[in-house]
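Chain by chain, the residues run as shown.
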Amino acid sequence: MKRQGRREDISEFMLTAGKEMCARLPNRLCIGLVVLACLGFAPEHSWPARGGIHGEPMRPFPVVGALGGTLPAAVADSRRAGPALRGDDAWAIHARAPAGVLESPLRVLMIGNSFTRGSFLPLRLWRMATTEGKPTYLAWSAPSGYSLQRHRRIPESVGLVDEGDWDVVILQEFSTRPTDGLGRPGRFKKDATWWYDRVKTSSPSARVILYETWARHADHEVYPRSFRSPLQMQRELRRHYADCASEHIPRHRRWRGKTLSRVEVAPVGEACLSHVRSEHPRRLHHTDLYHAGPSGAYLSALVLYGSIYRAPVVGVDSQEFTPDLARHLQRTARDAMRRRPSVYSS
């Protein structure tokens, strides 16, 4: 059972890596690497999600959890119940907002992976909202390396959605799946539609937001083998996220409720690319060249905050950055959201 679980953990990683390897390595070597992966010797596609902001201690950030209230029933007893998630993936935390802030909070749920959880992104987003006087209950399920397809098979994610009464649900796909070069964009759209129907069944009035992720750093090995440049990779991400929201989900959804259905895209990737191409860019990527570092996570939180609340992002919480850098990132987020229509009626 343990070996089977490990094979599942690396399946999405091997899908991406295998496409790259088989394009340039001898057949025998490729076969050998696949055999090793099936035996469980391949490295985990994981992200430690360690670090601290605003004086927070250095510790792993939980894969499932909630901020702004008590834990949802779907994850509160996850360790005792023996969840599908293992190790650090099995524990959760909660934190309460200051007194008087929890009156009718907006209920927000995030389903994703380390791009959702890394560099304390949920905590940054929640603190940004509460600091701006917007009561928020934020829950998430974000195990490393998970695609939306894999989330369909774990009780924590499905249970969170089925708990219902959500105001906003954010869906983030495995970072290369919505690309032609390394992904499976058709599968991404099918799974996003499945989640859309699941969300609307239990939360008919919920807004569904697709969290568009960012291209790899220019020094990453995917260039030029799989993509000519970060610009090409981001264009593919943008095209498939937009098509999923504006065409695929409205056309293939099964939910036909009376409440107006809206599918939105939070253009985080567009904001990141815009910043990287600006005159004085700050490094957004972590040293692994694809996850977000602190500045990238802050920029992501800004775009998500603006998308969730449809509120101005210039001037929001920025305690950990210099005023000049904070303003630069805030304006980048603002401009990215202005350039793209993000809401599609279905």
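Residues numbered from 1 in each chain as written. Predicted model: local features only at pLDDT ≥ 70, side-chain atom pairs only at ≥ 80, totals over all residues. Heavy atoms only, no water.

Engineer: Any chance you could explain the packing of helix 11 (residues 268–276) against helix 13 (residues 323–339) here in plain terms?
Structural biologist: How two helices pack is summed up by the angle between their axes together with the distance between the axes. For the pair helix 11 and helix 13, interaxial distance at closest approach is 9 Å and the crossing angle is 125°. Classified by the angle their axes make, helix 11 and helix 13 are oblique. Every pair of crossing elements has a handedness; the one defined by helix 11 and helix 13 is right-handed. Seen from helix 11, the contacting residues are Glu270, Ala271, Ser274 and His275; seen from helix 13, they are His328, Leu329, Thr332, Ala333, Ala336 and Arg339. (Axes fitted to C-alpha atoms, helices over the stretch in contact; angles between N-to-C directions. Helix = DSSP H or I, 4+ residues; strand = E, 2+ residues; numbered from the N terminus. Parallel < 35°, antiparallel > 145°, perpendicular 65-115°, else oblique. Left-handed = near helix turned anticlockwise from the far one by under 90°. Contact = heavy atoms within 4.5 Å.)

Engineer: Would you explain the pattern of salt bridges in this entry?
Structural biologist: Think of it this way: side chains of opposite charge can pair up when their charged atoms draw near. What the rule picks out here adds up to 15 salt bridges. Linking aspartate 191 and arginine 187 is a salt bridge whose minimum nitrogen-to-oxygen distance equals 2.8 Å. Of this pair, aspartate 191 and arginine 187 both sit in helix 9 (residues 185–202), four residues apart, roughly one helical turn. Of the two residues, aspartate 191 and arginine 187, neither departs from the other in class, the shared state being buried. Among the salt bridges present, the one from arginine 334 reaches aspartate 335, with a minimum N-O distance of 3.1 Å. Sharing partners across several salt bridges, the network here consists of Arg152, Arg177, Arg187 and Asp191. (Salt bridge = Lys/Arg side-chain N within 4 Å of Asp/Glu carboxyl O. Buried < 20%, exposed > 50% of the residue type's maximum accessible area, 1.4 Å probe, protein only.)

Engineer: How should the nonpolar core be read in this particular structure?
Structural biologist: Generally speaking, soluble globular proteins have nonpolar side chains that are buried together. In terms of nonpolar packing, the biggest core is built from 44 residues, with Ile170, Tyr298, Leu299, Leu302, Leu304, Tyr305 and Ile308 touching the most fellow members. Every element with two or more residues in this core is listed here: strand 2 (106–111), helix 6 (121–131), strand 3 (136–141), strand 4 (168–171), strand 5 (207–211), helix 11, helix 12 (294–309) and helix 13. By residue number, the principal contributor to this core is helix 12, which donates nine residues. The contact partners of leucine 302, leaving out residues within four places of it in the chain, are Met128, Val313, Val316, Leu329, Gln330, Ala333 and Met337. Among the nonpolar cores identified, the runner-up in size contains 34 residues, and Ala139, Leu182, Tyr241 and Val265 belong to it. (Core = buried A, V, L, I, M, F, W, Y, C linked by side-chain atoms within 4.5 Å.)

Engineer: Which parts of the structure should I look at to understand the pairing of strand 4?
Structural biologist: Side-chain direction in a regular strand flips from residue to residue, so the side chains alternate between the two faces of the sheet. The side-chain alternation of strand 4 yields two buried faces, one formed by Val168 and Ile170 and the other by Val169 and Leu171. Bridging between strand 2 and strand 4 involves four bridges; their strand directions are parallel. Looking across to strand 4, one finds that isoleucine 111 is bridged to leucine 171. One crossover worth recording links strand 4 to the parallel strand 5 by way of helix 9, and it is right-handed. (Pairing = 2+ DSSP bridges. Right-handed = clockwise from strand over helix to strand, strands pointing away.)

Engineer: Would you take a moment to explain the packing of helix 6 against helix 12 for this structure?
Structural biologist: Closest axis-to-axis distance for the helix 6/helix 12 pair is 9 Å, and the angle between their directions is 50°. As the angle between them shows, helix 6 and helix 12 are arranged oblique. When you trace helix 6 past helix 12, the crossing you get is right-handed. Side by side, helix 6 and helix 12 meet where Leu121, Arg124, Leu125, Met128 and Ala129 of the first sit next to Pro294, Ala297, Tyr298, Ser300, Ala301, Leu302, Leu304, Tyr305, Ile308 and Tyr309 of the second.

Engineer: I tried to follow helix 13 on my own but got confused; where do I start?
Structural biologist: An α-helix turns once per 3.6 residues; consequently, residues spaced three or four apart project the same way. Taking 1.5 Å per residue as the helical rise, helix 13 with its 17 residues ought to reach 24 Å, and the 24 Å between its terminal C-alpha atoms agrees with that figure. Leu325, Ala326, Leu329, Gln330, Thr332, Ala333 and Ala336 are the residues of helix 13 that are buried. Down the axis of helix 13, the buried side of the element spans an arc of 155°, and every buried residue falls inside it. When the buried face of helix 13 is taken as reference, the exposed residues oriented beyond 90 degrees from it are Pro323, Asp324 and Arg338. (Expected span 1.5 Å × (residues − 1). Arc of directions from axis to C-beta.)

Engineer: Any chance you could explain the packing of aromatic side chains here in plain terms?
Structural biologist: When we look at a pair of aromatic rings, we describe it by the centre distance and by the angle of the planes. Counting across every chain of the model gives nine aromatic pairs. Where tyrosine 137 meets tryptophan 166, the ring centres are 6.3 Å apart and the plane angle is 20°; that geometry is what we call stacked. Within this pair, whereas tyrosine 137 is found in strand 3, its partner tryptophan 166 is found in the loop between helix 8 (155–162) and strand 4, the two being separated by 29 residues in sequence. For tyrosine 137, a relative accessible area of 7% puts it in the buried group. In this structure an aromatic cluster arises from ring pairing among Phe115, Tyr211, Trp214 and Tyr290. Of note, arginine 150 hangs over the ring of tyrosine 146, and the distance from its end group to the ring centre comes to 4.0 Å. Directly above the ring of tryptophan 255 sits lysine 200, whose terminal nitrogen or CZ lies 5.0 Å from the centroid. (Phe/Tyr/Trp six-rings, centres within 6.5 Å; stacked < 30°, edge-to-face > 60°. Lys NZ or Arg CZ within 6 Å of the ring centre and 35° of its normal.)

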